[in-house]
Amino acid sequence: MKLSKLVGSRFKERPADCVIDSHALMVRGGYMKNVGNGIFSEFPLLKKITAKIEKIIREEMDAIDGQEVLFPVTLPADLWDESGRYESVGNELLRFTDRSNARMVLAMTHEEAAVHLVREYAQSYTKYPFMIYQIQRKFRDEARPRAGMIRVREFTMKDAYSFHTSQEDLEDYYEKCYQAYNRIFARAGIPEVVTVASDSGMMGGNISHEYMLLTPVGEDSIVVCAECDYRANMEAAENKIVNEDAGQAKELQCVETPECKTIEAVCDFLNSDVKKSCKAVVYQKNADDTFVVAFVRGDYEVNETKLRNLVGGELHTAEIIEEDCLVAGYIGPYGIAKEAEVYLDVSLKGISDLVAGANKEGYHYTGLNLERDLEKAEYVDISKIQEGSICPCCGNKAITIKRGIEVGNIFQLGTKYTKTMNMQYTDENGQQQYPIMGCYGIGVGRLAASICEVCHDEYGPVWPITVAPWEVHICCLRADDTEAKETADKLYQELLKDGVEVIYDDREGIRPGAMFSDADLLGVPIRVIVSPRNLKESCVEITTRDKSVKEMIPIKETASYIKGLRQKLYEDIKEKVTE
RNA sequence: CGGCGUGUGGCUCAGUUUGGUAGAGCGCAUCGUUCGGGACGAUGAGGCCGCAGGUUCGAAUCCUGUCACGCCGACCA
């Protein structure tokens with residue numbers, strides 16, 4: 001490929017609306033173009049990269065006996081009625097009607113379609129286990145797309161669905177997939193992707209893992225233990241708290257605390273320790289009238305995901321008005337209105353002397369002892385784990401919080417979809433059974449952007465050779481110089497003949513600086529510089545995009561040197577792939 | 001859905017406060033001089049200033065509405 005023909009333009013200035021580097025570089029480099037809110041087109045440059053990522057994914061999925069299929073993007077709503085998700089999923093699911101007014105959806109995930117495809121086929125236990133996957137577009141009407149290709153509304157995803165006749169078999173396969181995913185990310189040049197325990201969310205099921213690329217621009221908070229292997233999404237991380245120094249029990253007193261509506265104000269006013277205070281956070285359940293009040297220690301935050309799982313319904317931020325049974329700013333667990341559903345966080349357990357709202361305008365209690373003063377004090381885990389907290393796995397106070405991009409996930413779904421959609425098989429005893437499912441996703445475009453995010457410098461991406469748009473980039477610095485042109489042409493042809501993927505910048509009248517800048521934006525791992533200056537020494541210059549190699553190579557040895565270097569780059573990546 | 005912000009040639013932005021009929025740099029085209037980290041000069045093309053109303057002799061500028069995009073939050077396999 002000659003660079004002069006590559007569709008897509010590169011430019012110097014950072015686009016104004018790009019917040020993260022990978023977004024800015026991929027726009028500047030002519031990789032993609034924004035079409036609408038969270039919707040992008042891919043130029044050839046990005047398409048080449050995503051095609052390589054897809055190839056790696058296909059190879060690894062096929063290696064664990066996956067079979068590629070293709071589901072439609074548009075699905076009749078009936079199918080989503082079967083699983084109940086037409087109703088239960090929020091606005092991320094784009095619903096519309098066709099010309100005959102039939103209800104349709106744009107698929108945001110394909111569990112329903114997968115069950116639909118195989119439920120007649122797989123009526124006998126002899127067909128199991130099997131896995132089907134596809135690499136295809138999805139649409140999710142995200143409330144807030146952001147960060148370029150990291151969070152978009154329409155995107156390419158590999159989604160896989162496995163079907164099993166026993167939990168053990170699912171777990172075996174889950175483990176295989178777990179390893180396949182590690183190989184995929186290592187082969188794509190980001191072996192540093194870690195797995196974390198996660199919340200299953202709307203997918204249902206029990207066990208699930210997310211594959212996280214740790215980077216400060218990530219939008220998920222990841223809990224990592226410095227002492228052991230424990231890693232979890234903040235949403236799912238158990239918060240273990242032991243209030244050892246609980247203090248002396250004191251008399252329960254109702255004290256006046258005027259205009260103290262925040263926990264900080266109360267503690268300031270009473271000159272008390274925030275760690276001995278009780279903070280209330282109020283939600284409303286399922287948009288009905290039920291208030292859900294979560295109490296956590298004053299220095300903790302409510303983990304809404306954990307709370308939502310406990311409550312078993314949707315939660316909305318509540319606004320308390322005067323007619324309500326609660327007193328905004330003065331809510332406490334003692335003497336709270338019976339209408340409210342109350343949850344006490346484990347962070348409150350064992351504190352004998354708490355400051356808490358008195359459920360009365362302008363008053364708080366001091367000396368509150370939940371075990372003593374409440375009829376029933378049950379504690380649940382609904383607070384966010386913090387930096388330095390106790391690791392739920394090893395018990396050390398070694399928790400750190402990092403940021404990560406979720407590049408893939410795997411779920412043990414169980415029978416949620418096979419039951420609701422009535423998919424059954426006959427087992428060896430002639431009994432009807434529901435198959436057990438797993439599902440496994442990887443966002444292709446997000447993966448490409450994530451690689452760029454962790455593999456770039458100030459001038460452009462530094463693509464790992466396994467996903468790079470080309471392997472070698474030839475810059476002919478003076479295409480008007482006959483000798484340079486002929487040398488570069490010849491090298492180009494020779495490399496092509498040997499099956500090397502080459503982009504050849506043969507443009508005349510482009511100054512070296514501009515040519516280098518373009519090459520940096522393309523991020524091709526091996527660069528060959530042919531110029532009159534180098535030719536005086538009968539050499540060409542060969543560098544790597546990451547600057548680790550910079551050699552003058554005699555012209556005659558160029559092709560073999562490049563092939564050797566290419567080989568080495570592939571091997572460097574292969575070394576990090578665990579078998 | 002709430003808060004904030006921005007819409008002016010392909011890109012980055014000025015001009016809006018105080019209305020007078022649109023600018024700069026980059027990019028693009030042609031010519032010349034240049035040529036190892038985004039050169040210089042000359043000439044040229046390209047914009048009904050997001051859209052719709054309104055005020056006015058006159059609107060990019062003031063008013064009303066609307067749409068789009070971005071950021072923060074809520075939400076999110």
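This is a predicted model, so every value here is computed, not measured. Position numbers for residues count from 1 along each chain, tracking the sequence in the order it is written. Written order determines the labels here, with chains lettered from A and ligands numbered from 1. pLDDT decides what is reported in this predicted model: residues at 70 or higher carry local features, side-chain atom pairs at 80 or more are listed and counted, and totals for whole chains, interfaces and linings draw on all residues regardless. Excluded from the side-chain calculation are hydrogens and water; included are all heavy atoms of the structure.

Trainee: Hey, could you run me through the overall build of chain A in this one?
Mentor: Secondary structure is summarised from DSSP: a helix means a run of H or I of at least four residues, a strand means a run of E of at least two, and numbering begins at the N terminus for each. From N to C terminus, chain A includes 15 helices and 31 strands. Each principal axis of the C-alpha atoms in chain A carries an extent, and together these give about 95 × 65 × 50 Å. Within chain A, the fraction of its 579 residues that count as buried is 53%. Should any heavy atoms of two residues lie within 4.5 Å, those residues are considered in contact. Contacts in chain A between residues far apart in sequence, at least 24 positions, make up 68% of those at least 6 positions apart. Areas reported here follow the Shrake-Rupley algorithm with a probe of radius 1.4 Å; residue values treat only the protein chains shown as occluding. Total accessible area on chain A stands at roughly 27000 Å², and carbon and sulfur atoms take up 46% of it. Relative accessible area decides the class of each residue, using a 1.4 Å probe on protein chains only: under 20% of the type maximum gives buried, over 50% gives exposed, and in between gives partly exposed.

Trainee: Would you take a moment to explain helix H12 (residues 482-497) for this structure?
Mentor: Each turn of an α-helix holds 3.6 residues, which means side chains three or four residues apart point in the same direction. Helix span, expected: 1.5 Å multiplied by one less than the number of residues in the helix. Across its 16 residues, H12 extends 22 Å between first and last C-alpha, which sits within 8% of the 22 Å expected from 1.5 Å per residue. Turning to H12, its buried residues are Ala484, Thr487, Ala488, Leu491, Tyr492 and Leu495. All buried residues of H12 fall inside an arc of 135° around its axis, so they share one side. What points out from H12, more than 90 degrees from its buried face, is the exposed set Thr482, Glu486, Lys490 and Lys497. Of the surrounding elements, those touching the buried residues of H12 are strand E27 (472-476), strand E28 (502-505), strand E29 (526-530), helix H14 (532-535) and helix H15 (558-575). Directly after H12, the chain includes Gly499, whose backbone phi takes a positive value near 80°. This arc corresponds to the set of directions leading from the helix axis out to the C-beta atoms.

Trainee: Mind showing me how you'd approach the side chain of Arg119 here?
Mentor: Checked against the element boundaries, Arg119 lands in the loop between helix H5 (111-118) and strand E7 (130-139). Pairs of N or O atoms are called polar contacts if they sit within 3.5 Å, as long as, within protein, a hydrogen donor faces a hydrogen acceptor (for residues adjacent in sequence, only side-chain-to-side-chain pairs). Separated by 2.8 Å, the side chain of Arg119 and the backbone oxygen of Met421 make a polar contact. In this structure Arg119 touches Leu79, Glu82, Met421 and Met423, once residues within four positions along its chain are discounted.

Trainee: What's the story with unusual backbone geometry in this structure? I'm lost.
Mentor: Excluding glycine, residues mostly carry a negative phi; peptide bonds, for their part, are mostly trans. With an omega of -10°, the peptide bond running from Tyr128 to Pro129 counts as cis. Considering the arrangement of structural elements, one finds Pro129 in the loop between H5 and E7. At Asn101, a position not held by glycine, the phi torsion is positive, near 70°. Tracing the backbone through its elements, the reader meets Asn101 in the loop between strand E5 (94-97) and strand E6 (103-106). Phi is positive for Lys547, which is not a glycine, with a value near 70°. Along the chain, the position of Lys547 falls in the loop between strand E30 (539-544) and strand E31 (550-554).

Trainee: Honestly, the environment of Lys2 in this entry has me stumped. Any pointers?
Mentor: Positionally, Lys2 belongs in the segment before helix H1 (21-28). By relative accessible area, which is 31% here, Lys2 ends up partly exposed. Sequence separation between Lys2 and Ile263 is 261 residues; the distance between their C-alpha atoms is 65 Å. What Lys2 contacts, discounting residues up to four positions off in sequence, is Tyr492, Ile503, Tyr504 and Asp506.

Trainee: How do you make sense of the pairing of strand E1 (residues 32-36) when you look at a structure like this?
Mentor: Successive residues of a regular strand alternate their side chains across the two faces of the sheet. Think of it this way: DSSP has to see at least two bridges between two strands before they count as a pair. Examined bridge by bridge, E1 and strand E2 (residues 39-42) share four bridges and lie antiparallel to one another. Following the sheet pairing, Asn34 is matched in E2 by Phe40. If you look at the hairpin formed by E1 and E2, you'll find two residues sitting between the two strands, and Gly38 has a positive phi there, around 70°.

Trainee: Would you take a moment to explain helix H2 (residues 44-63) for this structure?
Mentor: Helix length check: H2, at 20 residues, gives a terminal C-alpha distance of 28 Å against a target of 28 Å (1.5 Å per residue), a fit within 8%. Of the residues making up H2, those classed as buried are Leu45, Leu46, Ile49, Thr50, Lys52, Ile53, Glu54, Ile56, Ile57, Glu60 and Met61.

Trainee: Looking at this structure, how should I read the sheet that holds E29?
Mentor: Neighbouring strands of a sheet are bound in pairs by backbone hydrogen bonds; such pairs are parallel or else antiparallel. Taken in spatial order, the five strands of this open sheet run E28-E27-E29-E30-E31, and their pairing is mixed. Edge positions in the sheet fall to E28 and E31, since each has one partner strand and no second. The mean inter-strand angle of the sheet, taken between neighbouring strand axes irrespective of direction, is 20°. Note: E29 against E30, four bridges, orientation antiparallel. Within E30, the position partnered with Val528 by the bridge is Ile542. Relative to the sheet, H12 contacts E27, E28 and E29, its axis offset from that of E27 by approximately 165°. Across the sheet, helix H13 (residues 512-522) lies against E27, E28 and E29, angled at about 170° from E27, the strand it touches most. All axes here are fitted lines through C-alpha atoms, helices being fitted over the stretch that makes contact, and every angle between N-to-C directions spans 0 to 180 degrees.

Trainee: I tried to follow the confidence of the model for chain A on my own but got confused; where do I start?
Mentor: Fine structural detail should not be taken from predicted coordinates in areas where pLDDT scores are low. Chain-level statistics for chain A give a pLDDT mean of 86 and a share of 95% at 70 or above. Element-level mean pLDDT values for chain A span from 68 in strand E16 (residues 315-317) up to 97 in strand E3 (residues 66-68). Here the complex is predicted with pTM 0.86, and the ipTM for its interfaces comes to 0.87. Scored from 0 to 100, pLDDT reflects the predictor's confidence in each residue.

Trainee: What exactly am I supposed to notice about the environment of Lys138 here?
Mentor: Relative to the elements of secondary structure, Lys138 occurs in strand E7. As a C-alpha pair, Lys138 and Thr156 span 18 residues in sequence and 6.1 Å in three-dimensional space. With residues near it in sequence (within four places) discarded, Lys138 still touches Ala107, Met108, Thr109, His110, Arg153, Glu154, Phe155, Met157 and Asp159. A distance of 3.0 Å separates polar atoms of two side chains, one belonging to Lys138 and the other to Asp159.

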